[in-house]
Amino acid sequence: MSRLGRSTSVLLLSVFVAGTLAAQDAAAPAAPAAAPAAAPTTAAAAPDAHASKSWAFKTPHGLEDVMATAPNDNPITKPKWSLGKKLFWDKRLSPQGTHACVSCHLPERGWTDGTQFSVKADGTINTRHSPSLYNVAYNTAFYWDGRAKTLEDQILAAWEGQMAAKGKTAELATKINGIEGYKKLFGEAFNTTGTVTPEQIVKALATYTRTILSGNSLYDAFANGRKEALSEAAQRGFNLYRTKARCSICHPPILFTDQGFHNVGIGLTGGPNDDPGYGKVANHPSYNGAFKTPTLRNVTSHPPFAHNGSFRSVHELLKYFESPFAGPNLDPVIKGGIKLTDPEKADLDAFIRCLESADDPEVASKPDLP
């Protein structure tokens, strides 16, 4: 398989590294193929008459302006953002009153839940690890298998599935509508006085989730010309990242994901019960076992790693890539394994830690609920 092409925005944002990467990247192995990604859903936000004209969410340094990532029918506004933040923490969105979005996406755990598999509101256990929400505003497809094409689609699916609200979203919206404090918030967010709708809840949640961002890291300072921002070990690691370790093929700057789907053998045995991943969505066996490339920004804040949550550390993951499961669809980039010395692994780890950044306190703080 060949690597999924980067989005236009990523290519434009990556221009500043082109000169320094060109010589070394030219020697890198050819990229693996992946099925076409969903068309980017980002678009300039439409004017919003009831929103504050002066408010704009401050995007961390190193990332595209997040205000421009929202679709035309759901622009980011302060009233909608404030509402979405409260809903994100509100367990009353689940029929049992036990689960909220934050149940599986905790800010203190890198916007995951820190477990291998989370438990749904109906008591069943997921078969895939809860992915981090960092920088989902820039995604072109959602879920590990890419089955949702927009963030709004993904949030609705999670509400119906993870929170066991399928067939009950209208009922839950009516319950939220009955809470006096929410009536005012919905009115301000959507300039309405009518009944709260499931669509409004999804739009508010998507607005807030788009502002869960990871940028302004030591790497971003380095890329902006502050060469002292990276230690010597991290700079050696960055060189490895782009060459011998082959990381940049699937995890290129700026987002540190190519938005593609790759079979790296994780969780596979060659048996009939293997998770087909993107193969089921693409309806093509050549993509069986392929999963969405996760971003490496802030990745060290939320172990375990991979779609099946089977790795507790970066070092465990690097150890696996020395001898990956060699199924028929294994990505050519890692065929034969990627073998690094212990000092090289330490340098690579030092660089990956330079992709860490602190959460915006306004985003990550727990809100008061109506």
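Calculation notes
- Residues numbered from 1 in each chain as written.
- Predicted model: local features only at pLDDT ≥ 70, side-chain atom pairs only at ≥ 80, totals over all residues.
- Heavy atoms only, no water.
- Helix = DSSP H or I, 4+ residues; strand = E, 2+ residues; numbered from the N terminus.
- Buried < 20%, exposed > 50% of the residue type's maximum accessible area, 1.4 Å probe, protein only.
- Contact = heavy atoms within 4.5 Å.
- Core = buried A, V, L, I, M, F, W, Y, C linked by side-chain atoms within 4.5 Å.
- Arc of directions from axis to C-beta.
- Axes fitted to C-alpha atoms, helices over the stretch in contact; angles between N-to-C directions.
- Parallel < 35°, antiparallel > 145°, perpendicular 65-115°, else oblique.
- Nonpolar A, V, L, I, M, F, W, Y, C, P; charged D, E, K, R; others polar.
- Disulfide = S-S within 2.5 Å.
- Salt bridge = Lys/Arg side-chain N within 4 Å of Asp/Glu carboxyl O.

1. A closer look at the overall build of the protein
Reasoning step 1: A tally of helices and strands in the protein yields 14 helices and two strands.
Reasoning step 2: Out of the 370 residues in the protein, the part that is buried amounts to 52%.
Reasoning step 3: Contacts spanning at least 24 positions in sequence make up 73% of the contacts within the protein whose residues lie at least 6 apart.

2. Some details on the nonpolar core
Reasoning step 1: Ranked by internal contacts, the top residues of the largest apolar core, which has 51 residues, are L83, L87, F88, W111, F186 and I201.
Reasoning step 2: Contributions of two or more residues to this core are made by α3 (78-89), α4 (151-161), α5 (169-177), α6 (180-190), α7 (198-209) and α14 (361-364).
Reasoning step 3: The element best represented in this core is α7, accounting for six residues.
Reasoning step 4: With sequence-adjacent residues up to four places away left out, F88 is seen in contact with A100, C101, V102, H105, W111, L133, L205, Y208 and T209.
Reasoning step 5: One finds Y219, L230, V314 and F351 within the second-largest nonpolar core, a separate group that totals 33 residues.

3. Some details on α4
Reasoning step 1: Of the residues making up α4, those classed as buried are L151, E152, Q154, I155 and W159. Looking straight down α4, one finds that the buried residues subtend no more than 160 degrees of arc, so they occupy a single side.
Reasoning step 2: The elements touched by buried residues of α4 are α5 and α7.

4. Thoughts on the packing of α3 against α7
Reasoning step 1: Look at α3 against α7: their axes get within 7 Å of each other, and the N-to-C directions meet at 95 degrees. Looking at the two axes, α3 sits roughly perpendicular to α7. Where α3 approaches α7, its residues K80, W81, L83, G84, K85, L87, F88 and W89 are matched on the opposing element by I201, K203, A204, L205, T207, Y208 and T209.
Reasoning step 2: Looking at side-chain class alone, the contact of α3 with α7 contains nine nonpolar, three polar and three charged residues.

5. Describing the state of the cysteines
Reasoning step 1: If you walk through the whole model with that rule in mind, you get zero disulfides.
Reasoning step 2: Residue C101 stays outside any disulfide, its sulfur separated by 9.1 Å from that of C104, the closest cysteine.
Reasoning step 3: Of the residues examined, C101 reaches a relative accessible area of 16% and is grouped as buried.

6. Topic: the pattern of salt bridges
Reasoning step 1: Across all of its chains, the model carries 15 salt bridges by this definition.
Reasoning step 2: In this structure, R128 engages D145 in a salt bridge whose closest nitrogen and oxygen atoms are separated by 3.0 Å. Residue R128 is found in the loop between α3 and α4, and its partner D145 is found in the loop between α3 and α4; the two are separated by 17 residues along the sequence. No difference in accessibility class separates R128 from D145, as the two residues are buried.
Reasoning step 3: A salt bridge links D275 to R128; its shortest N-O distance comes to 2.8 Å. Residue D275 is located in the loop between β1 (261-262) and α11 (278-282), and its partner R128 is located in the loop between α3 and α4; the two are separated by 147 residues in the primary sequence.
Reasoning step 4: Residue classification places R128 among the buried residues on the basis of a relative accessible area of 17%.
Reasoning step 5: Within the structure, one salt-bridge network assembled from shared partners comprises R128, D145, R147 and D275.

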